[in-house]
Structure formats: C-alpha cells, structure tokens
Amino acid sequence: MKMQKSAKDVLNAPFKTQNIIFVFKGTIVGLITGIIVSAFRLIIDNTLKLLYKVYPYMVHHPQTIILYVIGTCILSLILGFIIRPQLLYVKGSGVPQIEAQMEGKIRIKWWPVLWRKFVGGLLAICPGLFLGREGPCIQMGACVSQGISEEIFRSNPNEERIMISCGIAAGLSAAFSAPIAGALFLLEEITFSFSPLVWLTALASSLAADFVTLLVFGLTPSLHFTYDFSIPVNQYWQLLLLGIILGLFGYLYQRVILNLSKWYGKIKFIPTAWHSIIPLLLVIPIGLYYCKILGGSHDFILDITSQHFIQYLSDSLPAVGFLTILLIIRFVFSMVSYGASTPGGIFMPILVLGATSGALYASIMIHLGLLKEVYFLNIIIYAMAAYFGAIEKAPFTAIILISEMVGSIKHMMPLLVVTLVAYLVNDWLGGRPIYGALKDTMNFTKNPAAEKLSTWFKHRQRQWRKKHLA
C-alpha cells in the first residue's frame, strides 16, 4: 500500500513562481496607463463642459458660428496630418488592431501610435463627435505595455503578449474606473481563454490603473445613480420583450458599422485621413440643437436619468417623440463619427444608445400604463448592459461593467435576463463579436509577411509555454 503524500510532496517549491514578477510588471503598466488615461479623461471632460457653454452662446450670437466653422476646418486639417502616417493603426477604437497584433498578424510601433492616439483622440472627441474615450484608452494601455516590455524588460514574444494583455485591461479599467470589467474584457473579447498568469497580471494592472483614477476622479462611480425598486416577477415579460428589441437593434448596429469603411471609401474627393471634416462640420448643427447630446457621453445618460427628465417624459407624450429624435441622431451620427477614420471608441456610444433605447421603451410603456414610473431607471440600466452585451458578444463584461459604473450589484437577476435574451437574438441572426468583425474588414490576413510573422509567433509561444507553464 502506497503511503499518503504530505503537503511537501504536493505543493510547489517555495520562491519559484513567476507570478510575483509579472504582477510587479503589470502594476507598473497599470500605474503609467492610469496617469495617461486620467489626463486624457480630464481634458475631454473639461472640454465637453466648455462646449455646453459655447453652443448656447453661439445660439444667441449667430455671427460667431462662422468663426467656429473656420476653427473646425483648421482642426480637421491638423488631425489629418497627425494621423496620416499611422492611419491604419490609429483610426477607430484601436481594439481590432490590438487583436491583430495579439494574433501576430501585424506589428504596431508603440510610440508613434501612442502619442498620435492621445492627441488625435482629443482632437476628435473634444469637439463633440459621438466617440468614446475607452477605445483610445485601451490602445494606449497596450502601447504603454508594449513599450515597457521592449525598452525596459526586453521580453520574449510570449512575455510581451502577457504584458500587452495587462495593458489592455488597464486601459479599460482606467477609462471607466472598472477594474474587474477591464480584466473580464480581456478574456471575453481578446484572448478567449483563461490563463492564470495572464488573468493575475491583468488584474494587478487593472487595480493599479483604477487606483490612479480614484486619486484623480474620486470614489464616486462614473454613472452613479440610485435605483431602489425591484421589478416584480409578473413584469418579467417586459424584460424578454426588451431583450428581443435590443438584440434586433444590436444586429442593425453591427450591419451598419461593418459597412462604414465601404461607404466612406466612395468619397474620393477627400483623402481618407481628412474624412473627419465631415462629422466635425455636421456636429455643429447638432450641438446648436441640443448640446448635451454631444460626445460619448456620460452627461447625456445622467441627463436622461435625472428626476426632472423622468418627470418630463412621464407628463408629456410629445417628450417620447423628442426622445425618439435623440435616439435616431445618436445612432446615425455615431456611425458618421466612427466611419470617418477618426481615433475614438464605440464603448460609450453603445452604452448611450442602450440607455436611450431603454428610456424610450420605458416611456412608451409608462404612457400605455404597462409599467410604473419607479422602474424607469431599472429599464435604462438593463438596456445598457443588454445592448452592449449583444453587440460586443461579451455578456459578462457588460454586466460587470454596468454594475461597476453604476456602483451597485442590486437587481442582478433581471440584468442577466435582458442581457442573455439580447445576446441570443443577435447571435441567432448571425451577429459576431464586433471587434473581431471590424478586424476582418481591415484585411490584415492578406499580407503574406504578416502570415509568416503569425506562424513564427505561435511557434515561439508554444516553446515558451513548454518551458514555463508545463
């Protein structure tokens, strides 16, 4: 009979693990990413607050509009010159490019992309284009980690991949002050697999980045509002209906955004790097109509969830029409903004579309007498998570992200129901994870050199895993 093994026989040898080293590296990435993203967020937030004063001033002083138009044209010229040398790698959110790099299909030069993403993102988002800050934040986090990996730690290919992974998590964490969502996004959208070493390093990086943002922006969640009433079980049919609607709407979003490059490609009289002139000029009349709708925009969500706005929607049927107009504007101009090869993300625009859709649905149901007014905020929160989860095909990230942004994990059951239904509807229609689909529209795989690099990268990755993770 064999003797039973002792603790010494089954535990790993002490002081041999590499986890602490990678946690240390991830923490450094998180701290630096947190500083850069905090500066990025501060500039955007303060500029948008300035726009809320500039546009009302132009409404009362129409003669100043021509000066603003001239300034906008100059800004677009500057933006085009900045992004043109690295246009393929800087345009859009940057997440599809990161995925391609993680697969070994392309190689991004971290410093040229980092500073162009920072400056270009500010020049695109600050004037009020319907773009999110989180895409640039994620790519900047990836560039920071790649730079540290190359210049300081001299990492091998697989170690660099782990470092870039933690930079991705840190970027999203700092963008929304949501560390768990940052790490989950990495697993659901980028790596599609669970590796304890990657997960641990990403979590450390996310926490470090979030720590910096907490020092800068405080402890209040970025979309903090209270919803204390729980939807009763006999109203769960509303959750199913809402999930179906959002799943269909999410599929429409995917169909449109994946055709944007094709449609913009038909504009031959403006070079691609300067397509930003189109949304930058079109945003001016939108701002003159309703400036709170500009940008990503956190402020717009907080506006439609304010007690004043809720009372306005409940008491006035024409308010439902106004909300419908806002939803159409948000959808159309989000597409116009993103398709113009501008540096900017889709996270926040998706959440705003979800919130607006939820507000419209709740308003209609309240006027029909099918929903009580106290559940208005609930529906908006559920709709944000469901719409995001359906489009991104990342339901866990959606649920945790909204919970962290709102600052509450209450009412988890209905949140899960709506998100799952929306996800299944979009999946049934043929929807894909949006970043992977956007990556495929860029045709990175058609480069033979990239294919050779991918094969080499995978070989080195297998060698590293045999040596270190066996």
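Structure first, text after, so check above.
Quick summary incoming for the structure in this document. Since the structure is predicted, the reported quantities are computational estimates derived from the model, not experimental observations. (Residues numbered from 1 in each chain as written. Predicted model: local features only at pLDDT ≥ 70, side-chain atom pairs only at ≥ 80, totals over all residues. Heavy atoms only, no water.)

## A word on unusual backbone geometry
Positive phi, normally seen in glycine, also occurs at Ser 177, with a value near 55°. Tracing the chain through its elements places Ser 177 in the loop between helix H8 (157-176) and helix H9 (179-191). Positioned with a positive phi, Ser 341 is a non-glycine residue whose angle comes to about 60°. You can see Ser 341 is positioned in the loop between helix H16 (318-338) and helix H17 (347-367). Taking relative accessible area as the criterion, Ser 341 reaches 8% and is therefore assigned buried. (Helix = DSSP H or I, 4+ residues; strand = E, 2+ residues; numbered from the N terminus. Buried < 20%, exposed > 50% of the residue type's maximum accessible area, 1.4 Å probe, protein only.)

## Considering the packing of helix H2 (residues 19-60) against H8
Closest axis-to-axis distance for the H2/H8 pair is 8 Å, and the angle between their directions is 40°. When the axis of H2 is compared with that of H8, the two are oblique. The two elements H2 and H8 meet at a crossing, and its hand is right-handed. Mapping the contact onto sequence places Phe 22, Lys 25, Gly 26, Val 29, Gly 30, Thr 33, Gly 34, Val 37 and Arg 41 in H2 and Glu 159, Ile 162, Met 163, Cys 166, Gly 167, Ala 170, Gly 171, Ala 174, Ala 175 and Phe 176 in H8. When the residues that make up the contact of H2 with H8 are grouped by side-chain class, the tally is 10 nonpolar, 6 polar and 3 charged. (Axes fitted to C-alpha atoms, helices over the stretch in contact; angles between N-to-C directions. Parallel < 35°, antiparallel > 145°, perpendicular 65-115°, else oblique. Left-handed = near helix turned anticlockwise from the far one by under 90°. Contact = heavy atoms within 4.5 Å. Nonpolar A, V, L, I, M, F, W, Y, C, P; charged D, E, K, R; others polar.)

## Focus: the packing of aromatic side chains
Within the structure shown, the criterion is met by 17 aromatic pairs. Ring plane angle 80° and centroid distance 5.1 Å describe the contact between Phe 81 and Trp 274, whose orientation is recorded as edge-to-face. Highlighted residues: Phe 81 in helix H3 (residues 65-83) and Trp 274 in the loop between helix H12 (260-264) and helix H13 (277-289), separated in sequence by 193 residues. Taking the relative accessible area as the measure of exposure, Trp 274 reaches 13% and is therefore buried. The rings of Phe 176, Phe 185, Phe 347, Phe 388 and Tyr 435 are connected pair by pair, giving a single aromatic cluster. In this structure, Lys 25 is placed above the aromatic ring of Phe 22, and the distance from its NZ or CZ to the ring centre is 5.1 Å. The ring of Tyr 423 has Lys 393 sitting right over it, with the charged end atom 5.0 Å from the ring centre. (Phe/Tyr/Trp six-rings, centres within 6.5 Å; stacked < 30°, edge-to-face > 60°. Lys NZ or Arg CZ within 6 Å of the ring centre and 35° of its normal.)

## Overview of helix H18 (residues 376-392)
With 17 residues, H18 extends 25 Å from end C-alpha to end C-alpha; this agrees with the ideal 24 Å at 1.5 Å per step. With 17 of its 17 residues buried, H18 lies for the most part within the structure. Among the residues trailing H18, Lys 393 stands out with phi positive, at a value near 55°. (Expected span 1.5 Å × (residues − 1).)

Shape is all these values report; function is a separate question.
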